[in-house]
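Structural features, examined
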Amino acid sequence: MSPAAGLRGLALLLGTVAAGCFQAGNPAGATAGQAALSGQSGGGGRLLTVTVPDVQHPEEFLARVTREFQVASGGGALLRYRELLQSDGQGGIRLDVTGFAPDAQSGFGPPAQELQATYENRQRYMVKYRDAHLRDALRARQNYVWEEVPGTTTVASRPCQVYRARSRHGFGTVEMSVDVDSRMLLGWALIDAQGTEQQRLQGAALDLSPDLSNVVWSQPSTVDHPYTGSELDHAQLGFRPLRADYIPYGFGAAQRLVLQPLDTSVAPLYLEVYDDGLQVLLVAQQRVTPSGGQPAGTLVFARNCTIGGISVAEGEIAGSDGEASTVYVVGSLPVDELNVVLGSMRD
Amino acid sequence: MQDALRSLDGVPAPPELWDRVALARMEQCRAPAELWDRVQPAVAELARSGRIVPLRRTPRVSRQALAAAALLLAAGAGFLLLLPSSGFSAGEIQARHAARRAQFRERVVAVSVRPEELSPVARALAASLGAPSVERPL
């Protein structure tokens, strides 16, 4: 055997070993080869298997983006919101709702004051957690099969490449439309495991040289700091947080926070943020009065609801001090998966 | 050949040239008689131990290729050593995960509720992830 052939054989062996390293989080044993180098190309619209694309997020740019957000409502209708996102590319963002349509057929009307107040209070969380992000490239590669739709599509008058990331663990698909030039994420869609589109955000117009001199940038609606496990944190929370023994496949902890709402009549919240590279899972806890609930590790009575592709499982669990906390598990996963997380909470 | 040699005028000779020339000028001479007596037992031992595989001429391999091959071997060995060894097959891991999942799920008695029956905090968290909020109650 020639030396060149020997080197090629060694490279193949190492590639196989490296692919085996990326089987973490996949109980079915699918290989990372599915999301590795570009494989089959094809005519006739066949998807191309690709690796994780380069994606930049709108709030990282000096930009003004007009966009439309659609979400499936419980009644089968499609709620539509016209939004305006402005960002200075240095952390300053502002998200306003400029129109609302109660279904796919109606035209946009002015948003109600309550809706505007909702956006005012939640804009930072919506941009950070609702809007699709490539949160962790390694987890995104481990947990999703990435495919590219051949050709380009036009979003906000910009040619965009469309990528589809299908969860290896049955947690649905995230579709992304990425501007070819700037790599800005101009559109995305959240599709559940049954193939039903739950949320879609589509850019309508993009201005990369906006005049933002009169913009009032968003301010936090809570005062938050990283949770350190200190007695000071526990004193502020009023309890020692429970821990989840089960987290869905592929999800890793991204943040642990203590949130104090500006309205001090509202109890502080302990928040854990998990992500699988794309989708977010929130596990929050708050001390409630009057106390109730069963001790951790026994029985949890959970309230379940799913709307717009977002599932909620909440229930009261008593800690070792006999006092109860309400635990909220919220995410775009099937609600039963959230129930498992709830049932795994322990002191 | 003379022209070729003259074209080399000014080119420094390689260091080993004199050794090669000196060796070529050495006369052939007979080996001493006792040389075979010294060598013969070792040859006989080799013959008794088994087949003698003739050495082929090894192909010439550059140092760079050898270094690259050694590096790849070391990297491959490192990968194999660093791979976590749980001692369980993929099927066993999946079965254990499923059992654990079922154990935790058994602890939960779940009731489906309407969005407005959720707590305000739950509704706010869901709205932060895009669930409908006010226009159609959460």
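Residues numbered from 1 in each chain as written. Chains lettered and ligands numbered in written order. Predicted model: local features only at pLDDT ≥ 70, side-chain atom pairs only at ≥ 80, totals over all residues. Heavy atoms only, no water.

**A closer look at the overall build of chain B**
In terms of regular secondary structure, chain B is built from six helices and one strand. Each helix and strand of chain B, placed in order from N terminus to C terminus, yields the pattern α-α-α-α-α-β-α. In chain B, which comprises 138 residues, the proportion classed as buried is 17%. Surface summary for chain B: the accessible area is close to 11700 Å², and the carbon and sulfur share equals 60%. (Helix = DSSP H or I, 4+ residues; strand = E, 2+ residues; numbered from the N terminus. Buried < 20%, exposed > 50% of the residue type's maximum accessible area, 1.4 Å probe, protein only. Areas by Shrake-Rupley, 256 points an atom, 1.4 Å probe, with all protein chains shown as cover.)

**Description of the overall build of chain A**
Along the backbone of chain A there are five helices and 19 strands. Put simply, chain A has 347 residues, and 52% of those count as buried. Relative to all contacts within chain A whose residues are 6 or more apart in sequence, the contacts with residues 24 or more apart total 55%. For chain A, the accessible surface area stands at approximately 14600 Å², while carbon and sulfur atoms represent 52% of it. (Contact = heavy atoms within 4.5 Å.)

**Quick notes on the packing of aromatic side chains**
All names here are of chain A. For the structure on display, the rule yields seven aromatic pairs over all chains. When the ring of Phe-69 is compared with that of Tyr-81, the centres are 6.1 Å apart and the planes differ by 35°; the resulting orientation is tilted. Remark: Tyr-81 occurs in strand E3 (residues 78–88) and Phe-69 occurs in strand E2 (residues 62–72); sequence separation between them is twelve residues. Like Phe-69, the residue Tyr-81 is buried in the burial classification. (Phe/Tyr/Trp six-rings, centres within 6.5 Å; stacked < 30°, edge-to-face > 60°.)

**With respect to the interface of chain B and chain A**
On the chain A side, the residues contacting the 47 residues of chain B number 60 residues. Here chain B and chain A share an interface that buries about 4600 Å² over both sides, 70% of which is from carbon and sulfur atoms. Inspection of the chain B/chain A interface yields two salt bridges. Counting across the interface, chain B meets chain A through 13 residue pairs in polar contact (both at pLDDT 80 or more). (Buried area = accessible area lost by both parts, 1.4 Å probe. Salt bridge = Lys/Arg side-chain N within 4 Å of Asp/Glu carboxyl O. Polar contact = N/O pair within 3.5 Å; in protein donor to acceptor, adjacent residues only side chain to side chain.)

**Focus on the confidence of the model for chain A**
Low pLDDT marks stretches whose predicted atomic positions should not be read closely. When pLDDT is averaged across chain A, the result is 87; 86% of the residues are at 70 or more. Here residues 13–44 of chain A scores under 50 on pLDDT; set against residues more than four positions off or in separate chains, the count is 53 contacts. (pLDDT = per-residue confidence, 0-100.)

**A closer look at empty space enclosed by the protein**
Residue and element names in this part refer to chain A. Following the criterion strictly, the structure yields four cavities of 30 Å³ or more and no others. There is about 170 Å³ of room inside the largest cavity. What lines the largest cavity is a set of 18 residues, among which Tyr-129, Arg-130, Leu-190, Gln-279 and Ser-332 lie closest to the centre. Per-class residue counts for the lining of the largest cavity are ten nonpolar, five polar and three charged. Of the domains in this structure, domain 1 (58–207) and domain 2 (222–346) are the two that each give at least three residues to the lining of the largest cavity. One number sums up the size of the second largest cavity: a volume of about 90 Å³. The element best represented in the lining of the second largest cavity is helix H2 (residues 113–130), accounting for six residues. (1 Å grid on protein atoms, 1.4 Å probe; cavity = no way out; pocket = protein on both sides within 12 Å on 5 of 7 lines; lining within 4 Å. Points joined across faces, edges and corners; volume = space filled by probe spheres on them. Nonpolar A, V, L, I, M, F, W, Y, C, P; charged D, E, K, R; others polar. Domains from an automatic or database assignment.)

**Description of the environment of A:Gly308**
Relative to the helices and strands, A:Gly308 resides in the loop between strand E16 (300–307) and strand E17 (310–318). Of the residues examined, A:Gly308 reaches a relative accessible area of 3% and is grouped as buried. In this structure, the C-alpha to C-alpha distance between A:Gly308 and A:Val71, residues 237 residues apart in sequence, is 5.4 Å. Once you skip the residues sitting within four places of it in the chain, A:Gly308 turns out to touch A:Val71, A:Ala72, A:Gln198, A:Gln199 and B:Pro132.

**Topic: the pattern of salt bridges**
All names here are of chain A. In total, this model carries 22 salt bridges over all chains according to the counting rule given. Between Asp-275 and Arg-139 there is a salt bridge, with its nearest N and O atoms 3.3 Å apart. Here Arg-139 lies in helix H3 (residues 137–143) and Asp-275 lies in strand E13 (residues 269–275), a separation of 136 residues in the sequence. We note that Asp-275, like Arg-139, is buried. Note that Arg-158 and Asp-179 form a salt bridge whose closest N and O atoms lie 2.8 Å from each other. Here the residue Arg-158 occupies a position in strand E6 (residues 158–167), and Asp-179 occupies one in strand E7 (residues 173–179), the gap between them amounting to 21 residues. Owing to a relative accessible area of 23%, Arg-158 belongs among the partly exposed residues under this scheme. Given the relative accessible area of 0%, Asp-179 is considered buried. When salt bridges that share partners are traced, they join Arg-67, Glu-83, Arg-130 and Asp-131 into one network.

**Digging into helix H6 (residues 120–128) of chain B**
Considered for burial, the residues of H6(B) that qualify are B:Val121, B:Ala122, B:Leu125, B:Ala126, B:Ala127 and B:Ser128. For H6(B), the elements touching its buried residues are H2, E13, strand E14 (280–287), E17 and strand E18 (324–331) of chain A. Looking one or two places after H6(B), you find B:Gly130, whose phi comes out positive at around 110°.

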